[in-house]
Amino acid sequence: MVGCTLLKSLLLVSSLGAVSTPDASNLVVVVNKNNPTAELSRTQLIDLYMGKYVAFPDGRKAQPLDIDNNHKLKEVFYKELVGMPLNRVNAYWSRVKFTGRVRPPVQEQDEQAVLQVVATSNSAIAYIQADNITDDVKVVYRFNE
Amino acid sequence: MNKSGLLVRLAVVIGFASIAIGLLSTQLFYRLTVNKEIGFAHQSIDSLYKTVEATAATAAYLAEKDLAQEVIDGLITNDIVLNASMSFEETVVRTHEQPLNNPIAFPIKSLFEPNKTIGQLLIEPNVEFIELRASQLATENSNAMVLQALVVTIVSIFVAFFLITRPIIAIAKALHHTRPGEGKRLMVPEFHDGSELGLLVRDVNELLDKTESQFNQERKLREEIEALEKRFRMLFENSLSPIILMEPGGNILLFNSAFEKVLNKLDLQLRKSFGPLLKDLFDDPDSLSRVVEVAFANEEIATGEFKLKTEDGNQHFWVQVVVTAIISEDMREYYQVTLHDISKRKRELDDLAYQADFDKLTKMLNRQGLEKQLTTLMTTQSRFMLVLLDLNWFKQVNDIYGHKAGDEILIFVADRIKKTLRPEDFGGRWGGDEFVLLLSQADQSETREIVTRLVNRISKPFYLRNFEQNVTIGASVGAASYPDDSLDLQTLLHLADKAMYQSKKLKETQPEHFLHFSEETQQVQVNHV
């Protein structure tokens, strides 16, 4: 019975998550709660995600994460951040990849995977829906501001 | 070819115009082309920038020198780019060390934040190349244009020649050789039926028609006038009488051939004037001018018979002169003088008068002629001796040998008389066998001398050829003196007759007294009384 309820709630959550349309207002960028970075500017965020810099402003290594299976979320994020559709973002990466110095963000399965990585790594940085914020992460950038 | 001919002028004008327009438009076109090419070059550079913009922006954003270098190198391979450089974040990427001259600057925008400039791309256009290309293009265009102008010129000359000039020249030539009245008309040039040239030709032909009809009318009129004039001339020229039109002063304006003939007869050269009323031609011009003066004063035509002045003076040339005064339309006075030759009539009249006064047989004055002479002598009151001579034994000769023999005797006597008389004397046959002598200024002794010589001659035997016979006749003579014996002709004749009878009585008995004077007769009568 408990299992049945859990399943139900899981179904409910997953269905909720699937149904809820990602938009800029509930999109946030998060890092490990132990990361000393308190807040990032928009430019700093762009520079991290577009490969210009691979470190947080205080000099510690940074590893941006992408959500691979939820294209919608990824699409909204890049649209909000650099004003580009995904194909252009991909084109950018394919152009700059050959330099060897610059690398694109690491691809993760979904928000859960992303949250897990962030929870465990101080250098990780990722975008999630505000609804899915956990205690292990802290928000460094909000798009709705 | 005519230097001011249409074709030459047309060719020159079109040629010059096309050269001028060609030069002008070539210049203009050249400039336009260069400017346009430079504009194109700038646009091309813009386009170039557009193609490398994303890469350049990426290079600038990531501060990737290699990528920037590649962009710059790529740009420079282009002909229209002379030099290029890119600068971002205190980095400058360039190919040549030379500084850029008048480069075009393109700001490099951030790829992700469009309002943020993150660098600059400088491109120096290859002005030399652009201008060279532009000028090449312009030259090509100019050449094409010159060629086009040439073609247009040739075409327009040809078109103008075939469509306008040639037909016009043909019309002009045809018109030049067209004389109104010959019936020739101009041809409408081919393909010009509906054009202005066709209209021109038709109008010209119409004009020719009108001119020709006017011409013909005029010619007809002229022919009529000529015919009339010919007749007048014929009348004038063929007139037997000289006709002269002259001014009152004597200048001859018009004359016919008959007048020339008259001048020929008078041995005169044709002159402009022979004086007023041709006075030089006349024997007595004053009488002519008097006649004319009187006639004109009475507003009549002057006529009269006058003798012309001939070279030898003896030849008689008489004309009837008719002078008419003519006032012309412009109020000028002319004299028309007509001369009718009346010499022949005059001569005939003279001949008639001669015949009346002469004896046909003896060719001596007859009684009428003698009487006229006597009257003349008496009116001039000149002294003369009237001698009456009667032949003796003439009647017998006449009876025996016939009239022919008698006539021979009479001619013989007349001949003797003519030979005996002095030049100033007259002799004639009074009638039958009676003769009269008028001895001018002769006294009795002179008379006796002449008469004696005559009678002696008459009394010589006369040989009658037909009869081979000698006959002898004699003469009894009586004489009366004017004005001593009488002043009256009849009385004088009577006295001479009486004196002659005195002699006649003595012809047998005292033949030596063959002459008696009237004075003696009177004395005898006185003696008888």
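The structure presented is a predicted model; accordingly, all values stated were derived computationally and were not measured. (Residues numbered from 1 in each chain as written. Chains lettered and ligands numbered in written order. Predicted model: local features only at pLDDT ≥ 70, side-chain atom pairs only at ≥ 80, totals over all residues. Heavy atoms only, no water.)

## Topic: the overall build of chain B
Move 1: Counting its secondary structure elements, chain B contains 13 helices and 16 strands.
Move 2: For chain B, the C-alpha radius of gyration of 69 Å lies well beyond 24 Å, the compact-globule estimate for 529 residues.
Move 3: Across its three principal axes, chain B shows a C-alpha extent of roughly 215 × 45 × 40 Å.
Move 4: Looking at the 529 residues of chain B, the share that counts as buried comes to 39%.
Move 5: Summarising the internal contacts of chain B: among those between residues at least 6 apart in sequence, 56% fall at separations of at least 24.
Move 6: By element, 56% of the accessible surface of chain B is carried by carbon and sulfur atoms, the whole surface being about 32,100 Å². (Helix = DSSP H or I, 4+ residues; strand = E, 2+ residues; numbered from the N terminus. Rg over C-alpha atoms; globule rule 2.2 N^0.38 Å. Buried < 20%, exposed > 50% of the residue type's maximum accessible area, 1.4 Å probe, protein only. Contact = heavy atoms within 4.5 Å. Areas by Shrake-Rupley, 256 points an atom, 1.4 Å probe, with all protein chains shown as cover.)

## Section: the overall build of chain A
Move 1: Secondary structure summary: chain A contains 5 helices and 5 strands in total.
Move 2: Listing each helix as α and each strand as β along chain A from the N terminus yields α-β-α-β-α-α-β-α-β-β.
Move 3: Looking at chain A residue by residue over its 145 residues, the buried ones come to 39%.
Move 4: Contacts in chain A between residues far apart in sequence, at least 24 positions, make up 74% of those at least 6 positions apart.
Move 5: Accessible surface computed for chain A: about 7,900 Å², of which carbon and sulfur atoms make up 55%.

## A few points about the side chain of K504(B)
Move 1: Of note, K504(B) is situated in helix α12 (residues 489-505).
Move 2: Every residue in contact with K504(B), bar those within four places of it in the chain, is listed here: D390(B), L391(B), N392(B) and S476(B).

## Section: a nonpolar patch on the surface
Move 1: On the surface, L147(B), L150(B), V151(B), I154(B), V155(B), F158(B), V159(B), F162(B), L163(B) and I164(B) cluster together into a nonpolar patch covering about 910 Å² of accessible area.
Move 2: Take I164(B): it is sitting in helix α3 (residues 127-176). (Patch = residues over 30% accessible without salt bridge, like charges linked within 9 Å, V, L, I, M, F, W, Y side chains within 5 Å. Salt bridge = Lys/Arg side-chain N within 4 Å of Asp/Glu carboxyl O.)

## Quick word on the interface of chain A and chain B
Move 1: Taken together, the contact between chain A and chain B spans 15 residues of the former and 11 residues of the latter.
Move 2: Across the interface of chain A and chain B, roughly 1,200 Å² is buried in total on both sides, 59% from carbon and sulfur atoms.
Move 3: Three residues, K52(A), Y92(A) and R95(A), lead the burial of chain A against chain B; their summed loss comes to 37% of the area buried on that side.
Move 4: Along the contact surface separating chain A from chain B lie 1 salt bridge. (Buried area = accessible area lost by both parts, 1.4 Å probe.)

## A closer look at the domain arrangement of chain B
Move 1: Annotation of chain B at the domain level lists domain 1 (6-146), domain 2 (178-229), domain 3 (243-347) and domain 4 (358-528).
Move 2: Placing the centre of domain 1 of chain B and that of domain 2 of chain B at their C-alpha centroids yields a distance of 74 Å. (Domains from an automatic or database assignment.)

## Observations concerning the side chain of D433(B)
Residue and element names in this part refer to chain B.
Move 1: Residue position: D433 is located in the loop between β11 (426-431) and β12 (434-440).
Move 2: Put simply, D433 is tucked away with no salt bridge, and the nearest opposite charge, on K504, sits 5.5 Å away.
Move 3: Leave out the neighbours within four places in its chain, and D433 touches L389, D390, L391, F394 and L410. (Lys, Arg positive; Asp, Glu negative; His and termini not counted.)

## Some words on the sheet that holds strand β9 (residues 333-341) of chain B
All names here are of chain B.
Move 1: Reading across the sheet, the 5 strands line up as β6-β5-β9-β8-β7 and stay open at both edges, with antiparallel pairing between neighbours. Of all strands in the sheet, those with a lone pairing partner are β6 (252-255) and β7 (302-307), marking the two edges. Strand-to-strand, the axes of this sheet are offset by a mean angle of 25°, without reference to chain direction. (Pairing = 2+ DSSP bridges. Axes fitted to C-alpha atoms, helices over the stretch in contact; angles between N-to-C directions.)

## Examining unusual backbone geometry
Residues and elements named next belong to chain B.
Move 1: In this structure, P483 follows Y482 across a cis peptide bond, with omega equal to 0°.
Move 2: Topologically, P483 is positioned in the loop between β15 (474-482) and α12.
Move 3: A positive phi is found at N102, a non-glycine position, where the angle reads about 40°.
Move 4: On the accessibility criterion, N102 (72% relative accessible area) is exposed.
Move 5: Here the phi dihedral of L278 falls at roughly 55°; this positive angle occurs in a residue that is not glycine.

## Digging into the packing of aromatic side chains
All names here are of chain A.
Move 1: Evaluated as defined, the whole model comprises 20 aromatic pairs over all chains.
Move 2: Between Y49 and Y127 the ring centres are 5.9 Å apart and the planes differ by 50°, which places this aromatic pair in the tilted class. Pair noted here: Y49 is in helix α2 (residues 42-49) and Y127 is in strand β4 (residues 124-129), with a separation of 78 residues, a long-range link.
Move 3: In this structure Y49 comes out as buried when scored by relative accessible area, which is 0%. (Phe/Tyr/Trp six-rings, centres within 6.5 Å; stacked < 30°, edge-to-face > 60°.)

## Describing the nonpolar core
All names here are of chain B.
Move 1: Of all hydrophobic cores here, the largest spans 72 residues; its most connected members are M86 and L121.
Move 2: For this core, the element with the highest residue contribution is helix α1 (residues 6-62), accounting for 11 residues.
Move 3: Discounting chain neighbours no more than four positions away, the residues touching M86 are A56, A59, A60, A68, V71, I72, T91, V92, V93, I108, Q120 and L121.
Move 4: Residues V387, L391, F394 and L410 belong to the second largest nonpolar core, which totals 35 residues. (Core = buried A, V, L, I, M, F, W, Y, C linked by side-chain atoms within 4.5 Å.)

## A closer look at the packing of α2(A) against helix α3 (residues 71-82) of chain A
All names here are of chain A.
Move 1: Interaxial distance between α2 and α3 falls to 10 Å at its minimum, and their mutual angle equals 125°. With respect to their mutual orientation, α2 and α3 come out oblique. Crossing hand, α2 versus α3: left-handed. Residues R42, L45, I46 and Y49 of α2 form the contact with α3, whose participating residues are F77, Y78, E80, L81 and V82.
Move 2: Across the contact of α2 with α3, the residue classes break down as 7 nonpolar, no polar and 2 charged. (Parallel < 35°, antiparallel > 145°, perpendicular 65-115°, else oblique. Left-handed = near helix turned anticlockwise from the far one by under 90°. Nonpolar A, V, L, I, M, F, W, Y, C, P; charged D, E, K, R; others polar.)

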